[in-house]
Amino acid sequence: LLGVDCYWVNGENSFGFTCLWARGLPVWRMQYFGFCRDKAVMPFLKMALQRNYERKIFMGGRGPAILNNLPDGENSDLTYQNTTAPESNFSRFRGFDQITGENGEVKYCHDYSGGFIIPRS
């Protein structure tokens, strides 16, 4: 199994995709697009994503439903939210995630979708 994650940034806009390959063929993908108006939130985003990866929780390939009030006091003014469509699962999903600041200002937001791309037999 091979995983590839590619992304591009153009000013505050960004997009990318993640693809899982098995036996030389792509079998699963996720694409995402949106914006980041404050690059200082990126370490917080990576921490949110890592939380679900470490716990083997799948919520659209993104982070937890909500993350804030961190015990170390860092990023205490930020809130990460991930909302998936009700029917979402590993084989087919869609949703969006965002980071807001203390005053509710959206600093980062991405729409995403994906699922299996295995040919039907």
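Conventions used here
- Residues numbered from 1 in each chain as written.
- Predicted model: local features only at pLDDT ≥ 70, side-chain atom pairs only at ≥ 80, totals over all residues.
- Heavy atoms only, no water.
- Phe/Tyr/Trp six-rings, centres within 6.5 Å; stacked < 30°, edge-to-face > 60°.
- Buried < 20%, exposed > 50% of the residue type's maximum accessible area, 1.4 Å probe, protein only.
- Lys NZ or Arg CZ within 6 Å of the ring centre and 35° of its normal.
- Pairing = 2+ DSSP bridges.
- Helix = DSSP H or I, 4+ residues; strand = E, 2+ residues; numbered from the N terminus.
- Contact = heavy atoms within 4.5 Å.
- Axes fitted to C-alpha atoms, helices over the stretch in contact; angles between N-to-C directions.

### Regarding the packing of aromatic side chains
And step 1. This structure, assessed with the given rule, holds nine aromatic pairs.
And step 2. On the basis of an interplanar angle of 20° and a centroid distance of 5.1 Å, the ring pair of Trp 8 and Phe 15 is categorised as stacked.
And step 3. For Trp 8, a relative accessible area of 41% corresponds to the partly exposed category.
And step 4. Members of the aromatic cluster, each reached through a chain of ring pairs, are Trp 28, Phe 58, Phe 90, Phe 93, Tyr 112 and Phe 116.
And step 5. The ring centre of Phe 35 lies 3.9 Å from the NZ or CZ of Arg 37, which sits over that ring.
And step 6. Of note, Arg 62 hangs over the ring of Tyr 32, and the distance from its end group to the ring centre comes to 5.3 Å.

### Here we look at the sheet that holds strand E4 (residues 66–67)
And step 1. Overall, antiparallel pairing links the seven strands, which are arranged E1-E2-E3-E7-E6-E5-E4 in an open sheet. Of all the strands in the sheet, just strand E1 (2–10) and E4 have a single pairing partner and so form its edges.
And step 2. Where strand E3 (residues 25–36) meets strand E7 (residues 106–116), nine bridges bridge the pair, whose relative direction is antiparallel. Along E7, the bridge assignment pairs Cys 36 with Tyr 108.
And step 3. Contacts between helix H1 (residues 42–55) and the sheet are confined to E3, E4, strand E5 (79–84), strand E6 (92–100) and E7, with E5 contributing the most and set at about 50° to the helix.

### Topic: the side chain of Gln 98
And step 1. Here Gln 98 lies in strand E6.
And step 2. Excluding its chain neighbours within four sequence positions, the residues that come into contact with Gln 98 are Thr 79, Tyr 80, Gln 81, Val 106, Tyr 108 and Cys 109.

### Quick word on the environment of Trp 8
And step 1. Within the secondary structure, Trp 8 is located in strand E1.
And step 2. Ignoring sequence-local partners within four residues, the contact set of Trp 8 consists of Asn 13, Ser 14, Phe 15, Gly 16 and Phe 17.

The values are spatial; any link to function lies outside them.
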